[in-house]
Amino acid sequence: MTDPAPVSNRPSGRMNGGRALAEMLRLAEVGPMFGMGGFQLLPFYDALAQLGMRHFLINDERCGAFAADAYARVTNRPGVCDGTLGPGATNMVTGLIESLNAGVPVIALAGDTNRAHSWKNMTQECRQTEILRPAVKELIRVEMTSRVPELLRRAFAVATSGRPGPVLLDVPEDVCHGEHDFEPEEFALDPSTLSVPARRIRPDRAEVARAAALIARAKRPLLLIGGGIHLSAGYDALLGFAEAQSIPVAHTMSGKGGIACTHPLSVGLFGRYSRIANELIEASDCLVVVGCKLGEIATKRYALPPEAIPLIHLDIVAEEIGRCRTAEVALWGDAKAGLEDLADALADETKRARAARADYVAEIPSRMASWREEAAARLHSEERPIHMARLCTELNKALPADSMLVADGGFAGHWTGLLYDTKSPGRHFIPDRGLASIGYGLPGGIGAALAAPSTPAVAITGDGGFNMMLGELETARRAAVGLTIVVVNNAASGYVKALQHAIFRGRYQSSDLVEMDYAAIARVMGCNGIRVEDPDRLGEALRTGLAERTRPTVLDVVVTRDPSRMLPAVDNRTVEIKQGDRVA
């Protein structure tokens, strides 16, 4: 095993468990950490201070997990968060499950009871390992101070291998405070496990050949791209394959940015909301699914794609293949490696394929132009309160190609998932689709902004999500991040109210909020605050926020209050289904 750190850089001698944790994280060159201290992990906090490492106090441990998750998505390196015994540890659950479901590498530390007194009803004691175990890829209990470096090394390996995910180290108080004489060799690290993908696997050659034969025969193949393309950093492989074979590319919300949304082969979002992609899926004669679980939203609650269309499924997790839709060919492997292998297998077909599919790909610009013409009234709406489509249009205009848009769950995420266009490949659109929790926007924006401080960062969240996380505005100010937070202010839990309108014909319950001036609140908290009620002021407000690099800016955007117009399209779950109907 090789190690990026020279032996002279490794610590040695007598130290406590908290110092050993910090020294390993120093050698791993982790980015900023997020957490809230307690007695159990205080030696770790003291070591961070002595070593000059960056750690940010957050106001809720869930936010620390969200921030670490976003940091990891931007860098493809494990984010780090921590929580103390009991409520600190359990508060991380929602954020950790987001990372688990989305395949995001995170190292989480949780303090636990002194083992000499466990199960004596110690203050804040609970069965936290049982609560946390299903929320992470692996839970590692550290039983000896001497094993801290070994088990943290193991945590990195698990977090970054296969489908990445969060790993939690449960550290008892006496292990963190306890001391041990360490040798430098104990602080070894495997550099291949410090970013994702740690280790690539390639699909079986025979299955690649079968898939290539299917693609070669297809007249209207279509690539369906999920979030795995980001974890694999397979952008060049995807673009090269799509262009060489003249295959259009559709994406999930998590897969946005696999290729630039502005690329001629991009057909946009597919599933519950779509521009033209769903029509192309229906008319396809071969679907190539890459790094996508084909879950509920991507398939319009499993109504897409039609069973008769041959499907090739490439995924890093073998058991995901065939879970929701039978695959004609199963390719178990890394997205980048699998796409490269398919490209090699079809290299001799390139010229013929491009000629045969010329008319097919020529449909895309005209179809997209027709969609834009149909949507123009919404995309360029002058109405007040502001139309969400107009907000998305102004985001497209104002945000540069290298910017990051962090999208909260629900209302804000679905609108931007459909209408926001990335201008270059990569993680420029960061939605929390693993668990789709409301409240990710602000803390996720903090994590993203700290991960790439020179990159313009915008977080978009609903007023409900912002209410949940308002305390983290103080964190953002203290961290001096130049983050622009767009609050979609409709004085409601918008997604829920829209569904109530559709299903219960206007009977609303517990979905309205008090009208708030979030710009004024931001200013009182020492941040920049701009309230926007005129759609023609959106562009100026966004540019002002992007120009502010030393403190957060909150744009309080007053959008439609009409629940019949709160969603970008009809949600298929609200359709009245009769016997024999197909909801798609």
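Above: the structure in question.
The rules we used
- Residues numbered from 1 in each chain as written.
- Predicted model: local features only at pLDDT ≥ 70, side-chain atom pairs only at ≥ 80, totals over all residues.
- Heavy atoms only, no water.
- Buried < 20%, exposed > 50% of the residue type's maximum accessible area, 1.4 Å probe, protein only.
- Helix = DSSP H or I, 4+ residues; strand = E, 2+ residues; numbered from the N terminus.
- Pairing = 2+ DSSP bridges.
- Right-handed = clockwise from strand over helix to strand, strands pointing away.
- Axes fitted to C-alpha atoms, helices over the stretch in contact; angles between N-to-C directions.
- Contact = heavy atoms within 4.5 Å.
- Phe/Tyr/Trp six-rings, centres within 6.5 Å; stacked < 30°, edge-to-face > 60°.
- Lys NZ or Arg CZ within 6 Å of the ring centre and 35° of its normal.
- Disulfide = S-S within 2.5 Å.
- Salt bridge = Lys/Arg side-chain N within 4 Å of Asp/Glu carboxyl O.

1. Focus: the pairing of strand β7 (residues 166-172)
No. 1: Of all 7 residues that make up β7, 7 are buried, and the element is covered over most of its length.
No. 2: Burial of β7 is two-sided: the residues Pro166, Leu168, Asp170 and Pro172 facing one way and the residues Val167, Leu169 and Val171 facing the other way are all buried.
No. 3: Inspection of the sheet shows strand β6 (residues 138-141) paired to β7 by 4 bridges, in the parallel sense. Among the inter-strand pairings, Arg141 is bridged to a residue of β7, identified as Asp170.
No. 4: Crossover handedness for the path β6 to helix α7 (residues 148-160) to β7: right-handed.

2. Let's talk about the sheet that holds strand β16 (residues 429-431)
No. 1: With respect to topology, 6 strands assemble into an open sheet ordered β16-β15-β17-β18-β20-β19, the strand pairing being parallel. Pairing within the sheet leaves two strands with one partner each, and these edge strands are β16 and β19 (528-532). Strand-to-strand twist across the sheet, computed as the mean angle between neighbouring axes with direction ignored, equals 20 degrees.
No. 2: When strand β18 (residues 483-489) meets strand β20 (residues 553-558), the two strands line up parallel, connected through 6 bridges. Of the residues in β20, the one forming a bridge with Asn489 is Val558.
No. 3: Across the sheet, helix α17 (residues 411-419) lies against β15 (404-407), β16, β17 (457-462) and β18, angled at about 125 degrees from β17, the strand it touches most.

3. A look at the packing of aromatic side chains
No. 1: Scanning the model with the defined rule gives 6 aromatic pairs in all.
No. 2: Measuring from centroid to centroid gives 6.1 Å for Phe34 and Phe56, while their planes differ by 25 degrees, and the two rings are stacked. One end of the pair, Phe34, is in strand β2 (residues 33-36); the other, Phe56, is in strand β3 (residues 55-57), with 22 residues separating them in the sequence. Grouping residues by exposure puts Phe34 and Phe56 together as buried.
No. 3: Lys497 extends its terminal NZ or CZ atom over the ring of Tyr508, reaching a point 5.0 Å from the ring centre.

4. Comments concerning the state of the cysteines
No. 1: Tallied over the full model, the rule gives 0 disulfides.
No. 2: The closest cysteine sulfur to the non-disulfide-bonded Cys261 is located on Cys392, 12 Å from its own sulfur.

5. Section: the pattern of salt bridges
No. 1: This structure, assessed with the given rule, holds 44 salt bridges.
No. 2: The closest approach of N and O atoms between Arg210 and Glu207, which form a salt bridge, is 3.0 Å. You can see Arg210 and its partner Glu207 sitting in helix α9 (residues 205-217), 3 residues apart, about one turn around the helix.
No. 3: In this structure Arg210 comes out as partly exposed when scored by relative accessible area, which is 42%.
No. 4: Two residues, Arg323 and Glu320, come together in a salt bridge whose shortest N-O distance is 2.9 Å.
No. 5: Look at the salt bridges and you will find they share partners, linking Asp112, Arg115, Arg141, Glu143, Asp170 and Asp174 into a network.

6. Regarding helix α21 (residues 494-504)
No. 1: Where α21 is concerned, the buried positions are Gly494, Tyr495, Lys497, Ala498, Leu499 and Gln500.
No. 2: Close packing links the buried residues of α21 with α17.
No. 3: Just beyond α21, the residue with positive phi is Arg505, at close to 55 degrees.

7. Focus: unusual backbone geometry
Peptide bonds are trans in most cases, and residues, glycine excluded, mostly fall at negative phi.
No. 1: Residues Val196 and Pro197 are joined by a peptide bond in cis, for which omega reads -5 degrees.
No. 2: Residue Pro385 follows Arg384 across a cis peptide bond; omega there is -10 degrees.
No. 3: Positive phi, close to 55 degrees, is recorded for Lys300, a residue that is not glycine.
No. 4: With respect to the helices, strands and loops of the structure, Lys300 is situated in the loop between β12 (286-290) and β13 (311-315).
No. 5: The phi dihedral of Tyr302 falls on the positive side, at around 70 degrees, and the residue is not glycine.
No. 6: For Tyr302, the location among the structural elements is in the loop between β12 and β13.
No. 7: With relative accessibility at 49%, the residue Tyr302 sits in the partly exposed group.

These values are about where atoms sit, not about what they do.
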